[in-house]
Every structure is written in structure tokens, then in C-alpha cells.
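Summary of structural features
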Amino acid sequence: MGSPGFFFAEAFRSFRNNFSVAFAAIATVAITTFLLGAFIAVALVVQDAVNDQQDKIDVRFFLSDDATDEQRNDLRDTLTTLQSEGLIDDGDDAIEFVSKADARKRLEERVGSEIFDQLASNPLPASFDVKPANSEQSEEVIARVGDHPALSELVDVGFSKDINDRLNTAATIIRWFGLGLVVALLIGAVLLISNTIRLSIFARRRDVEVMRLVGGTNWFIRWPFVIEGVLVGLIGAILAVVLLVAVKELAVDPFTSNQTEGLLTDDGGSGVSLPAIAAVLIVAGAVIGAVGSGLSLRRFLKV
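Residues numbered from 1 in each chain as written. Predicted model: local features only at pLDDT ≥ 70, side-chain atom pairs only at ≥ 80, totals over all residues. Heavy atoms only, no water.

1. Section: the nonpolar core
- Counting residues in each nonpolar core, the largest one holds 19 residues, and the members touching the most others are Phe61, Leu63, Leu75, Leu79, Ile88, Phe128 and Val145.
- When contributions to this core are tallied by element, the ones reaching two or more residues are β1 (59-62), α3 (69-84), β3 (127-130) and α6 (138-145).
- Grouped together as the second largest cluster of nonpolar side chains are 17 residues, Phe15, Ile221, Val226 and Leu231 included. (Core = buried A, V, L, I, M, F, W, Y, C linked by side-chain atoms within 4.5 Å. Buried < 20%, exposed > 50% of the residue type's maximum accessible area, 1.4 Å probe, protein only. Helix = DSSP H or I, 4+ residues; strand = E, 2+ residues; numbered from the N terminus.)

Pasting the structure below:
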């Protein structure tokens, strides 16, 4: 059994002698792992947007101006019951009563008070703003409350489910398209590394025969080629991380400089953690190299 130093020295020597062949495999691994990192970042950002939108989904029940205090209190009790059943979020602000005056104040903050100066009275109705436990339960909440006598007959119940559905559809498309692209490139990278190792085996076939004759074990012969494959994968992954950092610094950060949260962060806080993605890419590169080596060794090195 040889020492680890011997195996690494043999792997580096073979890598150096076949660098022109290994370069194509390194480039493919770099492109593949870069796209994998970009796919992870985009998928997580889109999912964060979906989750954020789901947090903002609400159902607004507009009250009739003729609703009595008793009817209004009964509606609140109905909503509280739905909350206890898990249809409405259990947060303290999941059921909020907005008076006519509060509704006017909110609209004035958005569009100004000039529009109300032309009106003799406040036309905005009072409402209960409700946050369902999730978007799928919005329709059930509406069905359970929609015919309550306290509700206005002139204003429909409104909620932002359509926006959430579109975001969910976009997230699903991005996930499947990105996954398909990454899988195809992963297969290509594995095959290229396998071909690189096969050529290394062919170039060193005399050495392999000599090691067999002197009693070299199977893994004594295999280890340098395994290490070479992992080395190719790691170099490609490191190049991908460098490219990902460059894209972040030169493109993503300037684009998000006016936002409170960036798409990629260095600390794992808000947004997507760049160090975590870098770690995933490096591990992926090593795995790609190991799988490519294993495939080549199994097919072309019968030891």
C-alpha cells in the first residue's frame, strides 16, 4: 500500500502531462457548477418571493355602512372561529378591523388628500383584513364568511391569490427548466472527466502493467486516477465560484444597490448565502470528478 503522498504525486504528474485534455473537462465542470450555483440562487430568490407574497395574501371583507355593532362583533367571532380551526393565520395581526376613518387615512397616504376634498363624505367602507394560513385556504375562508349579513352587497371580497398563483407557476417553471439544464450538463461533465481519465490510463498503460506484475493491489493502481478526476472537478468548481463572485460583485450588487436586501449575501443572513452556495459547488465538483473517475476505471481499468 503506497503512501498518500505517492498517490497525489502520481495524480499531479498525470494531470500535468494530460492538461490539454483535462482543460476541456475543467471548463465543462466550471460551466456546469456555475449554472448550478446560478440555478440555486435564482430558485431560492423566486421561492423567497413566493413565500413573501404568501405572507402578504389577505382577504378583505368590506362591511356595509348599515351593519350594526352586533353584526360586526358576530363577524369578528366567526373569523376568530376560523382562526382556531387553522384556516386563518394565528398571528395577533391576522384579523384586523379597519374603520372608515382608517381606510381614508391609508388611501390619503398613498394618493394624497385632494381626492377627498371634492367629496361631501367618506365613501370608503370599513373592513376586516384577514390573513389566511396559506393561499390555498383563501377560497374556503371566503366561502365560510362571504354571505354574512354584516358584509356590503356593493363591494366584492378581494384578495391577491392570482398574483401568488402566477409566482408559484413561475417558480415551478424555473425549478424544472434549471434542473433539466443542470442535469444535462452534469452528465456531460462526468463523461468528459471519464474520457480524461481513460486517456490517462491509456498513456500510463505500461506503468499499470508493471504495477500489476510487481503485485500492486487494485486500489494502489486506482487511487492516482481517482485523485486526478477529483482534482479536475475541484479546479472546475473553484473557477465556477470565482465566476459567481465576479458576477455578484459586477452585476448583481449594482443592480440591487437600491434595495434593502440583496440577492446574494456574504453572511448567510437575508437573501441567498454566497458561502453556502460556494460550498455546495465545491462539493459538487469533487463528486462529479469522483463519479467520472469511477465510471472510467470500471470500464477501462479491469483491476
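Still more ground to cover, so stick around.
2. Structural notes on the pattern of salt bridges
- Tallying each qualifying case throughout the model produces eight salt bridges.
- Where aspartate 129 meets arginine 60, a salt bridge forms, and the shortest distance between an N and an O atom there is 2.8 Å. Of the two residues, aspartate 129 sits in strand β3 while arginine 60 sits in strand β1, which places them 69 residues apart along the sequence.
- In this structure arginine 60 comes out as partly exposed when scored by relative accessible area, which is 31%.
- Taken together, the salt bridges that share partners define one network made up of Arg60, Glu96, Arg106 and Asp129. (Salt bridge = Lys/Arg side-chain N within 4 Å of Asp/Glu carboxyl O.)

3. Here we look at the side chain of lysine 248
- By secondary structure assignment, the location of lysine 248 is in helix α9 (residues 218-255).
- Classification of lysine 248 by relative accessible area gives buried; the value is 3%.
- Separated by 3.5 Å, the side chains of lysine 248 and glutamate 249 make a polar contact. (Polar contact = N/O pair within 3.5 Å; in protein donor to acceptor, adjacent residues only side chain to side chain.)

4. Brief notes about the packing of aromatic side chains
- Enumeration over the complete set of coordinates arrives at one aromatic pair.
- Centre to centre, the rings of phenylalanine 97 and phenylalanine 128 are 5.2 Å apart; their planes meet at 55°, and the pair counts as tilted. Of the two residues, phenylalanine 97 is situated in strand β2 (residues 95-98) and phenylalanine 128 in strand β3; the sequence distance between them amounts to 31 residues.
- Looking at phenylalanine 97, the relative accessible area reads 27%, which means it is partly exposed.
- The buried category is assigned to phenylalanine 128, whose relative accessible area is 0%. (Phe/Tyr/Trp six-rings, centres within 6.5 Å; stacked < 30°, edge-to-face > 60°.)

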